[in-house]
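Summary of structural features
Residues per chain are reported as follows:
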Amino acid sequence: MEAFSFEILNICQSATFPVDAAESQRRRKMKETLKPGIEHEFSFTITESKLVPALYPEAEEFRVMPDVFATGYMVGLIEWVCIQALNPHLDWPEEQSVGTRIDVSHLAATPPGLEVLVKVRLVEKEGRRLVFEVEAHDSLDLISKGRHERFIINKTKFDLKQEEKIRAAAARDH
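Note that the coordinates shown come from a computational prediction; the quantities given were computed from them, not determined experimentally.

**Concerning the sheet that holds strand β5 (residues 142-154)**
- Here we have five strands laid out as an open sheet, ordered β1-β3-β4-β5-β2, and antiparallel in their pairing. What marks the edges here is a single partner per strand, and that holds for β1 (39-45) and β2 (95-104). Looking at each pair of strands side by side, their axes are set apart by 25 degrees on average, direction ignored.
- Here β2 pairs with β5 via nine bridges, running antiparallel. Bridge pairing links Val104 to Gly146 in β5.
- Docked against the sheet, helix α4 (residues 71-86) engages β1, β2, β3 (115-126), β4 (129-137) and β5, running at close to 140 degrees with respect to β1.
- On top of the sheet, helix α5 (residues 155-173) reaches β2 and β5; it is set at about 90 degrees to β5, its chief contact.

Below you can see the structure in the form of structure tokens.
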């Protein structure tokens, strides 16, 4: 049985199957320039709206915390810089990317008024899965280092799936 399965696998891997027009169009959209080595950096001045107390204004626990750059906003800034790095290599806005994994440190507190410089580098591309090495510095310290994974989506298809999910949740609640 194993030999037969292996044989079928080999046939499928080497066969050429017809591709419908929509699939062919989707495959052409990612530009050939989308490959490891892409680098981008962006600076952002930290304002009061990006401090821990502003993260979830509904949460008393956050409102009484120190006035420093919130980890949640730092993650958003890292995602933003990765999106900026990718957009010239996608059929934006039809093709977009969504974050699927984040593994970063938050090493130093940043008060308002300091500028944060985020640097990202695409280190892996496997189909529509992308992995970035990321790093952020304020004007005094390394504040973050790690990896961030994104996945390229077709915005129209993604939105349709979300609408289906909303309808399913509404049907379940009624």
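**With respect to the nonpolar core**
- Ranked by size, the top nonpolar core spans 25 residues in total, and within it Leu34, Val116, Val118, Val120 and Phe132 carry the most contacts.
- Of all elements in the fold, only α4, β3, β4 and β5 reach the threshold of two or more residues within this core.
- For this core, the leading source of residues is α4, giving seven residues.
- When sequence neighbours within four positions are dropped, the list of residues in contact with Val116 reads Phe42, Ser43, Phe44, Ile46, Phe69, Leu77, Thr110, Ala136, His137, Asp138 and Ile143.

**Quick look at the packing of aromatic side chains**
- The full count for this structure, using the stated rule, is three aromatic pairs.
- These aromatic residues form a ring-pair network of at least three members: Phe42, Phe44 and Trp80.
- Looking at Lys50, its charged tip hangs above the ring of Tyr73, at a distance of 5.3 Å from the centre.

**Some points on the side chain of His89**
- Topologically, His89 is positioned in the loop between α4 and β2.
- Residue class for His89 comes out buried when judged on its relative accessible area of 15%.
- Here Thr33 takes part through its side chain, which lies 2.6 Å from a polar atom of the side chain of His89.
- Contacts of His89, omitting those with residues within four sequence positions, involve Met30, Lys31, Thr33, Leu34 and Ile38.

**Re α5**
- Spanning 19 residues, α5 covers 27 Å between terminal C-alpha atoms, matching the ideal 27 Å at 1.5 Å per step.
- Measuring from the side-chain oxygen of the N-cap residue of α5 to the backbone nitrogen of Thr156 gives 3.1 Å; that N-cap residue is Asn154.

**Some details on the layout of surface pockets**
- If you add up the space inside the largest pocket, you get close to 170 Å³.
- Every residue along the wall of the largest pocket is listed here: Glu39, His40, Glu41, Lys119, Val120, Arg121, Glu133, Val134, Glu135, Lys145 and Gly146.
- Listing elements by their share of the lining of the largest pocket, those giving two or more residues are β1, β3, β4 and β5.
- Its residues placed into classes, the lining of the largest pocket shows two nonpolar, two polar and seven charged.

**Focus: unusual backbone geometry**
- In this chain, Trp92 is followed by Pro93 through a cis amide linkage whose omega measures 5 degrees.
- Inspection of the secondary structure assignment puts Pro93 in the loop between α4 and β2.

**With respect to the pattern of salt bridges**
- For the structure on display, the rule yields 11 salt bridges.
- The partner of Arg129 in a salt bridge is Glu124, with the nearest N and O atoms 3.2 Å apart.
- Relative accessible area serves as the criterion here: at 24%, Arg129 is assigned to the partly exposed category.
- One salt bridge in this structure joins Glu149 and Arg129, with 3.1 Å as the shortest N-O distance. Of the two residues, Glu149 is situated in strand β5 and Arg129 in strand β4; the sequence distance between them amounts to 20 residues.
- Taken together, the salt bridges that share partners define one network made up of Glu124, Glu126, Arg129, Glu133, Arg147 and Glu149.

Reading the values: the criteria
Residues numbered from 1 in each chain as written. Predicted model: local features only at pLDDT ≥ 70, side-chain atom pairs only at ≥ 80, totals over all residues. Heavy atoms only, no water. Pairing = 2+ DSSP bridges. Helix = DSSP H or I, 4+ residues; strand = E, 2+ residues; numbered from the N terminus. Axes fitted to C-alpha atoms, helices over the stretch in contact; angles between N-to-C directions. Contact = heavy atoms within 4.5 Å. Core = buried A, V, L, I, M, F, W, Y, C linked by side-chain atoms within 4.5 Å. Buried < 20%, exposed > 50% of the residue type's maximum accessible area, 1.4 Å probe, protein only. Phe/Tyr/Trp six-rings, centres within 6.5 Å; stacked < 30°, edge-to-face > 60°. Lys NZ or Arg CZ within 6 Å of the ring centre and 35° of its normal. Polar contact = N/O pair within 3.5 Å; in protein donor to acceptor, adjacent residues only side chain to side chain. Expected span 1.5 Å × (residues − 1). 1 Å grid on protein atoms, 1.4 Å probe; cavity = no way out; pocket = protein on both sides within 12 Å on 5 of 7 lines; lining within 4 Å. Points joined across faces, edges and corners; volume = space filled by probe spheres on them. Nonpolar A, V, L, I, M, F, W, Y, C, P; charged D, E, K, R; others polar. Salt bridge = Lys/Arg side-chain N within 4 Å of Asp/Glu carboxyl O.

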